[in-house]
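Residue-level structural notes
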Amino acid sequence: MNTDWNPAARVRGMGTSIFTEMTELARATGAVNLGQGVPELDAPAGLLREAAEAVLAGRNQYPPATGFPALREAVAAHQARRYGLEYRPQDEVLVTTGATEALAATLLALCDPGDEVIAFDPCYDAYAADARLAGARLVPVPLEPDGDTFALDADALRAAVTPRSRVLLLNTPHNPTGKVFTAAELAAVAEVCREHGLTAVTDEVYEHLVYDGGQHRTLAALPGMRERTLTVSSAGKTFNVTGWKIGWVCGPAPLVAAVAAAKQFLTYASGTPYQEALARTLGGVEAWATELRRTLQRNRDLLSEGLTRAGLRPYRAEAGYFVQADVRAWGYSDGVRFCRELPLRAGVVAIPTSAFCLRPGAPSTLVRFSFCKREESVLMAVEKLVKAG
Ligand SMILES: *Cc1c(COP(=O)(O)O)cnc(C)c1O
């Protein structure tokens, strides 16, 4: 091959991430992998049976590009039942190949080159990549450690708005911090969106995984927000089927049509048998999620207590799959070095939070441990961390 060949600028440097490195390190060392958020937990048996039956029944060809109609209806019913938001299944709900495609298609549909996307920092690593693919720029607004959790600085948010601001990207419950945005924080976010005519895009893939009796609030339900919000969610985290890659977007018809226009040329459509199985299962999500939260909350408690005993101060994970811990007490000033050494020192893999940080020089003494694992895995990791601490 031509030796002066270079990838296009829009993908340059995206190649190898710390996730690849840590997953490889876990494999090479046999360490307990609390790095990537891949669930070790079972999916609902009925859901798996429905998917298998759909495959065997020959439901294996392209579904409609915007999604299997019964799934769009089930998603609309879910939003109405849980949040009091009405969406027309025909043109206000779009099924996507996971939340990942929903977010990429959304930014491709909403942003022109040079536009700015406001996001809270740290954030899910796809956001910066998606903005870049769209030719847009991600503008970070910090979530600062505040006591045992993380808080939004509403003044910093207001200061981040410029004439090029187009989209505000909000993830609640939040990865990687485990934060749930409070009612007051959401009100501040909504006010900024309304005042500056921003379109809000929300990533709510952990909407069913809020612990300690807490509540998920959806931005679209705030006054004046339904008409300017695209709400993204997915079956992956809710049902422990992250390999299925079925997600969805809800919003006003013109915005959803723009996202569908981009989506049709990314994947055209998404897994027919999985969509059929989810259409039959989403109506019963509440009973399933109650059980799943019990399991995950117990894992969260075991991990948080273990980190405390090991001397790695944990933050409070209010939701989702992850606990943040501060590594300074072990003599580290850099979470990356801690994560590179941890497999050998303790036999455990974690991910440095700096991998999710958009601001150069952002605090780097935090690391992320995931607890969407079998209880044995969490207990084994805890034992190893306490021994090494
Ligand atoms: C896992 C995750 C996604 C990706 O969801 P898929 O449905 O698997 O594509 C998106 N956003 C956040 C915050 C996640 O943690």
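As recorded in an unreviewed UniProt entry, the protein chain goes by Pyridoxal phosphate-dependent aminotransferase and comes from Streptomyces stramineus. Its UniProt record gives the protein chain a comment under Cofactor (unreviewed entry), which states: "pyridoxal 5'-phosphate".

Brief notes about the sheet that holds strand β11 (residues 322–326)
Backbone hydrogen bonds are what pair the strands of a sheet, in a parallel or an antiparallel way. With antiparallel pairing, four strands are arranged side by side in an open sheet as β10-β11-β14-β13. Because the sheet does not close on itself, it has two edges, and the strands there are β10 (313–314) and β13 (351–352). Bridge count between β10 and β11: two bridges; the pairing is antiparallel. Residue pairing for β11: Pro 314 is matched across the bridge by Ala 325.

As for the site of the ligand
Looking at the ligand, the residues that line it are Gly 98, Ala 99, Thr 100, Tyr 124, Asn 171, Asn 175, Asp 203, Val 205, Tyr 206, Ser 234, Lys 237 and Lys 245. Between an oxygen atom of the ligand and a main-chain N or O atom of Ala 99, the distance comes to 2.8 Å. Residue Ser 234 places a side-chain N or O atom 2.6 Å away from an oxygen atom belonging to the ligand. In isolation the ligand offers 380 Å² of accessible surface; the protein chains occlude 94% of this area. Sort the elements by how many residues they give to the shell around the ligand and helix α4 (residues 98–110) lands first, with three residues. Among the residues forming the shell around the ligand, the class breakdown is four nonpolar, five polar and three charged.

Description of the packing of aromatic side chains
Per the counting criterion, the structure on display carries eleven aromatic pairs. Ring geometry for Trp 330 against Phe 338: centres 5.6 Å apart, planes inclined by 55°, an arrangement best described as tilted. A relative accessible area of 11% places Trp 330 in the buried class. Aromatic rings pair up to connect Tyr 206, Tyr 321 and Phe 322 into one cluster. The ring centre of Phe 181 lies 4.9 Å from the NZ or CZ of Lys 179, which sits over that ring. The residue whose ring lies beneath Arg 368 is Phe 322, and the NZ or CZ to ring-centre distance is 3.5 Å.

Quick look at the environment of Leu 170
With respect to the helices and strands, the residue Leu 170 is situated in strand β6 (residues 165–171). Leu 170 sits 51 residues away from Ala 119 along the chain, and the two C-alpha atoms are 6.4 Å apart. Excluding residues that lie within four positions of it along the chain, Leu 170 makes contacts with Phe 120, Phe 181, Leu 186, Val 201, Thr 202, Asp 203 and Leu 219.

So, the pattern of salt bridges
For the coordinates displayed, the defined rule picks out 28 salt bridges. Between Asp 115 and Arg 166 there is a salt bridge, with the nearest N and O atoms lying 2.6 Å from each other. Within this pair, whereas Asp 115 is found in the loop between α4 and β3 (116–121), its partner Arg 166 is found in strand β6, the two being separated by 51 residues in sequence. On the accessibility criterion, Asp 115 (5% relative accessible area) is buried. Here Arg 166 falls in the partly exposed class, since its relative accessible area comes to 35%. One salt bridge connects Arg 337 with Glu 341, and the closest N-O pair in it is separated by 3.1 Å. Of this pair, Arg 337 and Glu 341 are both found in helix α12 (residues 335–345), four residues apart, which corresponds to roughly one turn of the helix. The exposure class of Arg 337 is partly exposed, given its relative accessible area of 42%. Among the residues examined, Glu 341 registers a relative accessible area of 31% and is labelled partly exposed. Taken together, the salt bridges that share partners define one network made up of Glu 50, Arg 59, Glu 276 and Arg 280.

Calculation criteria
- Note that residues are indexed from 1 along each chain, following the sequence as it is written.
- For this predicted model, a pLDDT threshold of at least 70 governs which residues receive local features, and a threshold of 80 or more governs which side-chain atom pairs are given and counted, while totals over whole chains, interfaces and linings are taken from all residues.
- Excluded from the side-chain calculation are hydrogens and water; included are all heavy atoms of the structure.
- UniProt positions are given in the numbering used here, feature names are shortened, and annotations may be inferred rather than shown by experiment.
- Two strands qualify as a pair provided that DSSP identifies no fewer than 2 bridges between them.
- Strands are runs of DSSP state E lasting at least 2 residues, helices are runs of H or I lasting at least 4, and numbering of each runs from the N terminus.
- By convention in these notes, a residue is near a molecule or strand provided one of its non-hydrogen atoms lies within 4 Å of it.
- The term polar contact refers here to a pair of N or O atoms within 3.5 Å; inside protein, the definition further demands a hydrogen-donor-capable atom paired with an acceptor-capable atom, and it admits residues adjacent in sequence only when both atoms are side-chain atoms.
- Working definition of accessibility: Shrake-Rupley area with a 1.4 Å probe, residue cover restricted to the visible protein chains.
- Three classes are used: nonpolar for Ala, Val, Leu, Ile, Met, Phe, Trp, Tyr, Cys and Pro, charged for Asp, Glu, Lys and Arg, and polar for all others, with Gly counted as polar.
- For Phe, Tyr and Trp, rings pair up if their centres lie within 6.5 Å, where Trp contributes its six-membered ring, and each pair is then called stacked (planes under 30 degrees apart), edge-to-face (over 60) or tilted (otherwise).
- Between buried and exposed lies partly exposed: a residue is buried under 20% and exposed over 50% of the maximum accessible area for its type, with that area taken using a 1.4 Å probe on protein chains only.
- By the criterion adopted, a ring carries a charge over it if an Arg CZ or a Lys NZ lies within 6 Å of its centre and within 35 degrees of its normal.
- It only takes one pair of heavy atoms within 4.5 Å for two residues to be counted as in contact.
- A side-chain nitrogen of Lys or Arg and a carboxyl oxygen of Asp or Glu constitute a salt bridge if their distance falls within 4 Å.

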